[in-house]
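Examination of the molecular architecture
The lines below spell out each chain.
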Amino acid sequence: MKLSENILYYRKAAKLSQEELAAQVGVSRQAVSKWELADAVPELDKLLALARVFGVTTDELLSERAPAASQEQGGPSEEEPPHIRPDAPA
C-alpha cells in the first residue's frame, strides 16, 4: 500500500474523521485530504505525529505492504481495528 492508502486505512481503523485527525496532528482537514489523495506528503514531524495517533511505528505507516489485518479481512473491521495499539504513547 502507498503512504496515502495507509493514512486513510489507519484513520478509518481508528474511527477518526479527517477533522479529528487534523486536530490531533496539528494541520488542516485539507492537508489530511491531500495526504489521503496522494496530492501531498506529510512532513517528517507530521509522519511522527500520525504514527503516534495511530499507535503504529513509522515503518508500518510507510510500509508498502498492506497491514496484516487488511490482508486477512479485506480492510478495517468494525469490531476490532487492526494494528491500533491503545498502549502506544500519544
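Scroll up to find the structure.
Here's what I pulled together on the structure shown here. (Residues numbered from 1 in each chain as written. Predicted model: local features only at pLDDT ≥ 70, side-chain atom pairs only at ≥ 80, totals over all residues. Heavy atoms only, no water.)

A few words now on the environment of leucine 62. Relative to the helices and strands, leucine 62 is located in helix α5 (residues 58-62). The class for leucine 62 is partly exposed, based on a relative accessible area of 44%. Counting along the chain gives 56 residues from leucine 62 to asparagine 6, while the straight-line C-alpha distance between them is 7.6 Å. With sequence-adjacent residues up to four places away left out, leucine 62 is seen in contact with Leu3, Asn6 and Leu47. (Helix = DSSP H or I, 4+ residues; strand = E, 2+ residues; numbered from the N terminus. Buried < 20%, exposed > 50% of the residue type's maximum accessible area, 1.4 Å probe, protein only. Contact = heavy atoms within 4.5 Å.)

Okay, the side chain of serine 4 next. If you trace the backbone, serine 4 turns up in helix α1 (residues 3-13). With sequence-adjacent residues up to four places away left out, serine 4 is seen in contact with Trp35, Glu36 and Ala38.

We now examine unusual backbone geometry. For residues besides glycine, phi is generally negative; the peptide bonds are generally trans as well. In this model, lysine 15 sits at a positive phi of 60 degrees, which is unusual for a non-glycine residue. Examined against the element boundaries, lysine 15 turns out to sit in the loop between α1 and α2 (18-25). The phi dihedral of alanine 38 falls on the positive side, at around 65 degrees, and the residue is not glycine. Secondary-structure assignment places alanine 38 in the loop between α3 (29-36) and α4 (44-54). Given the relative accessible area of 52%, alanine 38 is considered exposed.

No statement about biological role is implied by the geometric values presented.
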